[in-house]
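Chain residues, written in single-letter form:
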Amino acid sequence: MRDIDARGALAASPTSAERFEPATRPVDERDAGLVHALYLATPSYFEMIAIPVPTAAEVRTELHAAAADARRHVELVLAPSGEGGPGLLVDPRSGRPVAGVLDYKCDYPDVGDATINLVLIHQAWQGRGLGGAVVADLERRLRGRARRVLAAVYGRNPSACGFWEHQGFRFAIDAQPVLDWYAKELPA
């Protein structure tokens, strides 16, 4: 996966092998409307975990809190240029379709851990392997900085549990009724 630079440009043009690999870029408070629109476009996630879709004000507050925490990272997942269709969200900085959002925190709960709080893929992009590609890319970026990646699964979400197991994570902690934790050791 390739990152978008500060200007929103790609370092190189995609090859056919990279065609369905998303790029990521950091989210800031200016992206609150875009993140909120993504949440609104993916209501089944919020229904599954039995919470209402966050309001625009709640999204702004959450992104403000994330920006204040140097260990926390929120990133847009951008699909390849030219992919997509009517009704999909477009990142105004890069012009690429928005396929999802990634939220993770380094050195949490312990030093050397990284916890993924959210991998949310737009419903139109689900089932294409983008979620797995996002996780694999994050693991690559965390090597040497984290020894273990944890994934928090909120509510009763068997599809999320299956997703994490498919990515090589194993059940680690039962913190019911609210969440389960899955873990994966990273190679040094």
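Residues numbered from 1 in each chain as written. Predicted model: local features only at pLDDT ≥ 70, side-chain atom pairs only at ≥ 80, totals over all residues. Heavy atoms only, no water.

Draft legend 1. Fine view of the side chain of Asp91. Locating Asp91 in the fold gives a position in the loop between strand S2 (72-78) and strand S3 (98-106). Only 2.8 Å separates the side chain of Asp91 from the side chain of Ser94, close enough to count as a polar contact. Dropping the residues within four chain positions of it, Asp91 is found in contact with Arg25, Leu34, Leu76, Leu78, Arg96 and Val98. (Helix = DSSP H or I, 4+ residues; strand = E, 2+ residues; numbered from the N terminus. Polar contact = N/O pair within 3.5 Å; in protein donor to acceptor, adjacent residues only side chain to side chain. Contact = heavy atoms within 4.5 Å.)

Draft legend 2. Fine view of the pattern of salt bridges. Inspection of every chain in the model, using the stated rule, returns 15 salt bridges. Note that Arg72 and Glu62 form a salt bridge whose closest N and O atoms lie 2.7 Å from each other. Of this pair, Arg72 sits in strand S2 while Glu62 sits in helix H3 (residues 56-67), and the two are ten residues apart along the sequence. By relative accessible area, Glu62 is classed as partly exposed at 40%. Between Glu75 and Arg141 there is a salt bridge, with its nearest N and O atoms 2.8 Å apart. In this pair, Glu75 sits in strand S2 while Arg141 sits in helix H4 (residues 130-142), placing the two residues 66 residues apart along the sequence. (Salt bridge = Lys/Arg side-chain N within 4 Å of Asp/Glu carboxyl O. Buried < 20%, exposed > 50% of the residue type's maximum accessible area, 1.4 Å probe, protein only.)

Draft legend 3. Broad picture of the sheet that holds strand S4 (residues 113-121). Taking strand neighbours across the sheet as the criterion, the seven strands line up as S1-S2-S3-S4-S5-S7-S6 in an open arrangement whose pairing is mixed. Every other strand in the sheet has two partners, leaving strand S1 (23-26) and strand S6 (170-175) as the edge strands with one partner each. Adjacent strand axes in the sheet meet at a mean angle of 30 degrees when their direction is disregarded. Here seven bridges tie S2 to S3, and the two strands are oriented antiparallel to one another. If you follow Leu78 over to S3, its bridge partner there is Val98. (Pairing = 2+ DSSP bridges. Axes fitted to C-alpha atoms, helices over the stretch in contact; angles between N-to-C directions.)

Draft legend 4. Structural context of the packing of aromatic side chains. The full count for this structure, using the stated rule, is five aromatic pairs. With a centroid separation of 4.9 Å and an interplanar angle of 80 degrees, the aromatic rings of Phe163 and Trp164 are classed as edge-to-face. The class for Trp164 is buried, based on a relative accessible area of 5%. Geometrically, the ring pair formed by Trp164 and Phe169 is edge-to-face, given 4.9 Å between the ring centres and 65 degrees between the ring planes. Given the relative accessible area of 0%, Phe169 is considered buried. The ring of Tyr108 carries the charged tip of Lys105 above its face, separated from the ring centre by 5.0 Å. (Phe/Tyr/Trp six-rings, centres within 6.5 Å; stacked < 30°, edge-to-face > 60°. Lys NZ or Arg CZ within 6 Å of the ring centre and 35° of its normal.)

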